[in-house]
Amino acid sequence: MLTGRDIICFSSIDWDFNWQGHQEIMQRLAAAGNRVLYVENTGVRSPRPSDFRRLRNRLSNWWRSYRGFRRQAENLYIFSPLILPFPHSRPARWINRHLMGGVLNSWFRSQRFSDPLIWTFLPSRLTLDVIELIPHKLLIYYCIDSFRHSSPAAGRIEASERAMIRRADLVLVTSDGLADHCRAHNEAVHKFPFTVDYGAFETVREDPAATVPADLASLPGPKAGYIGGLHRWLDSGLIAELAGKLPAVQFVLIGPEQEPMDALRKLPNVHLLGARAHGELPRYLKGFDIGLIPYLVTDYTQCVHPTKLNEYLAMGLPVLSTPIREMQSFAERHPGLVDVGHSADELAVLLERRLKTLHGDSEGELRRQRIELAEKTGWDMHLEEMCELIERRIDEVRPGDEASWLERLSAVSHGGRRRPLAALAAVAVLWLLLFAAPSAQWLGAPLVVETPPAASDVILVFGGGVGETGRPGSSTFERSGWAAELYNRGVAGKVVFSSGFMQLSRRDAEDMLRVASADGVPARDMILEKQAANNYENVRNCLEIMQQRGFSSAVVVTGRYNTLRTRLLFETQLNASGLPGATIDSIRLVPPPESIFFHRDSDRLAQLGAVLHEYAAILDYWWKDWI
């Protein structure tokens, strides 16, 4: 077991939230003689009205603490940071990074935290930013959730999670699905599912005086029970079907109602008892005849290892589950301990069969095996194995590293002071470059990312003046004519014209189509996208068309000085959308070779304004987190 270490835990849940592995691990490490600072969840999405209670609790925790810090137990401290609740805003992240970094550095100095281990469950961009400010001995990422499948908001941290996985010295995961995901970016991956405090469950199981709570004991007949959140991954429809097929069985659900369960509440043999304290769960499980894991089979649940499995086993209960990956794998490794069914009919048969054998000799042997397995895989054994792995990894990654933590912190602090000065100097230089440059073309050179045309699936043409002044103009004809020439060369067999602008009563996209048609492009090979109102929508809408048509490569025709912004947009959108077969290298930027607007004899002031407009647009897109 680790001991004498300083540990900072960046958690994905608050300390007072439902008791899970986050709190269990950190409480045990603190009890073993390590100093632990538990940083509560800083979020992966902007707040909603439903988050009011959580925000109120955060304010309350901060108010009754000192600058967000409070002592929970011996060696265990909780930090409830107050930050701007906009995790995907770069300015907000910058502010939050310095807010948290400053407060944490004060904590380190006051408590003499020395070269800590960083243990994070939360792979957000802000967590990465703060970790950069903390000199540390080892970075451990414990991947317990498939963020990309959890929700659209959580999926937005997929890129920062990849960065966290790559940066981590050690990656722990709770399931085989998450192990596959993490090993694509880091070889140091080890599986440790959340498990059970075996001793607490054993005490209740073996103690005749530990009675079943009255609200459960009063229910007649056999009881098939579920403990855990009543969330959107719970197959409430399946439970309703089972309740209808087995009216003599009482189906008991214990946990907070995170999704409406009105349909289940109406059924006579389904009982929603609500949330119960973690310490009360063993007594409720003592009154169950069978433990249920009735999860929907989705991309998300295929990466889940249900903690309740170990809790059921610790009480010796038979387990009935839907065919999620972890449960199927467990049933194959441990025949007879878990029954897996693929439909309500199959599960009903398995449940009835298991109820009939509850008091037979074979069930007694299976009960013994379940209990023994739960003891071997409980938190006591699990954490010992984790700590041995961490100690070995420290020796591999930081052999003999005894440098002063305070010296390194001082170096980081001085670096932090230099960075703002460097940023101010860069801004000053940029200002001089913008206003003292001899020509718009020279000033615009950094905006140009040009690649030679190559055979592709489609030619994408961005109209509406994108890359000049943001207004339609001569670019409509230049770009459509250039696209027609590329089509006639055989570069691609389809052309998409993307523009939502109107010129008087004429649509910009339709004008480009007419020009290309006059230059020999047949109507069957042209596609109009008439909704895009800006460069961001040009890229997004064209990627949707590519996905619908099965295209994975494209030649993009846009203004020369718009090519950098367009490339940045494609990089961001491709990372988010995961277009099959498409990479940034399969998107080739090929602006028209000549531009009337940027001709040397044209209006130099207008040209300079257009280039500055493009720089401003890039800053605006960065501010909006589009690039």
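Description of the structure in this document.

Rules and cut-offs
Residues numbered from 1 in each chain as written. Predicted model: local features only at pLDDT ≥ 70, side-chain atom pairs only at ≥ 80, totals over all residues. Heavy atoms only, no water. Helix = DSSP H or I, 4+ residues; strand = E, 2+ residues; numbered from the N terminus. Buried < 20%, exposed > 50% of the residue type's maximum accessible area, 1.4 Å probe, protein only. Contact = heavy atoms within 4.5 Å. Areas by Shrake-Rupley, 256 points an atom, 1.4 Å probe, with all protein chains shown as cover. Axes fitted to C-alpha atoms, helices over the stretch in contact; angles between N-to-C directions. Nonpolar A, V, L, I, M, F, W, Y, C, P; charged D, E, K, R; others polar. Phe/Tyr/Trp six-rings, centres within 6.5 Å; stacked < 30°, edge-to-face > 60°. Core = buried A, V, L, I, M, F, W, Y, C linked by side-chain atoms within 4.5 Å. Polar contact = N/O pair within 3.5 Å; in protein donor to acceptor, adjacent residues only side chain to side chain.

1. Some details on the overall build of the chain
Alright, step 1. Helix and strand content of the chain: 25 helices and 21 strands.
Alright, step 2. By the burial criterion, 52% of the 627 residues in the chain qualify as buried.
Alright, step 3. Considering only residue pairs separated by 6 or more positions, the chain has 72% of its internal contacts joining residues 24 or more positions apart.
Alright, step 4. Roughly 28,200 Å² of accessible area belongs to the chain as shown, and the carbon and sulfur atoms make up 55% of that amount.

2. Quick notes on the environment of Asp14
Alright, step 1. With respect to the helices and strands, the residue Asp14 is situated in the loop between strand S1 (6–10) and helix H1 (21–31).
Alright, step 2. Given a relative accessible area of 13%, Asp14 falls into the buried group.

3. What to know about the packing of helix H4 (residues 125–132) against helix H7 (residues 158–167)
Alright, step 1. Between H4 and H7, the shortest axis-to-axis distance is 9 Å and the interhelical angle comes to 40°. Only Ser160, Ala163, Met164 and Arg167 of H7 make contact with H4, whose side of the interface consists of Arg125, Thr127, Leu128, Ile131 and Glu132.
Alright, step 2. Across the contact of H4 with H7, the residue classes tally to four nonpolar, two polar and three charged.

4. Structural notes on the packing of aromatic side chains
Alright, step 1. One pass over the full model with this rule turns up 15 aromatic pairs.
Alright, step 2. When the centroid spacing of 6.1 Å and the interplanar angle of 20° are considered together, the rings of Phe108 and Phe113 count as stacked.
Alright, step 3. Residue classification places Phe113 among the buried residues on the basis of a relative accessible area of 1%.
Alright, step 4. Arranged with centres 5.9 Å apart and planes meeting at 55°, the rings of Phe194 and Trp379 form a pair that is tilted. Highlighted residues: Phe194 in the loop between strand S8 (189–191) and helix H9 (198–206) and Trp379 in helix H18 (residues 379–397), separated in sequence by 185 residues. In this structure, Phe194 and Trp379 share a single accessibility class: buried.

5. What about the side chain of Thr174?
Alright, step 1. Tracing the backbone through its elements, the reader meets Thr174 in the loop between strand S7 (170–173) and helix H8 (176–183).
Alright, step 2. Of the residues examined, Thr174 reaches a relative accessible area of 5% and is grouped as buried.
Alright, step 3. Sequence-distant contacts of Thr174, that is, excluding residues within four places in its chain, are made with Tyr142, Cys143, Ile144, Lys191, Phe192, Pro193, Phe194, His305 and Glu326.

6. Topic: the nonpolar core
Alright, step 1. One finds Phe251 and Leu351 to be the most contacted residues of the largest nonpolar core, which totals 63 residues.
Alright, step 2. Per-element tally for this core: the top contributor is helix H16 (residues 344–356), with six residues.
Alright, step 3. Here Phe251 is in contact with Ala224, Leu242, Ala243, Leu246, Asn269, Val270, His271, Leu292 and Leu351, once residues within four sequence places are set aside.
Alright, step 4. Formed by 34 residues, the second largest nonpolar core is a distinct cluster that contains Val39, Ile118, Val171 and Val189.

7. Comments concerning unusual backbone geometry
Alright, step 1. Unlike most non-glycine residues, Arg112 shows phi in positive territory, near 55°.
Alright, step 2. Among the structural elements, Arg112 can be located in the loop between helix H3 (90–111) and strand S5 (117–120).

8. Brief notes about the side chain of Asp6
Alright, step 1. If you trace the backbone, Asp6 turns up in strand S1.
Alright, step 2. Judged by relative accessible area, Asp6 falls into the buried class, the value being 9%.
Alright, step 3. There is a polar contact of 2.9 Å between the side chain of Asp6 and the side chain of Arg35.
Alright, step 4. Those residues in contact with Asp6 that sit more than four places away from it in its chain are Arg35, Arg112, Phe113, Ser114, Pro116 and Leu117.

This is a description of form; function is not addressed.
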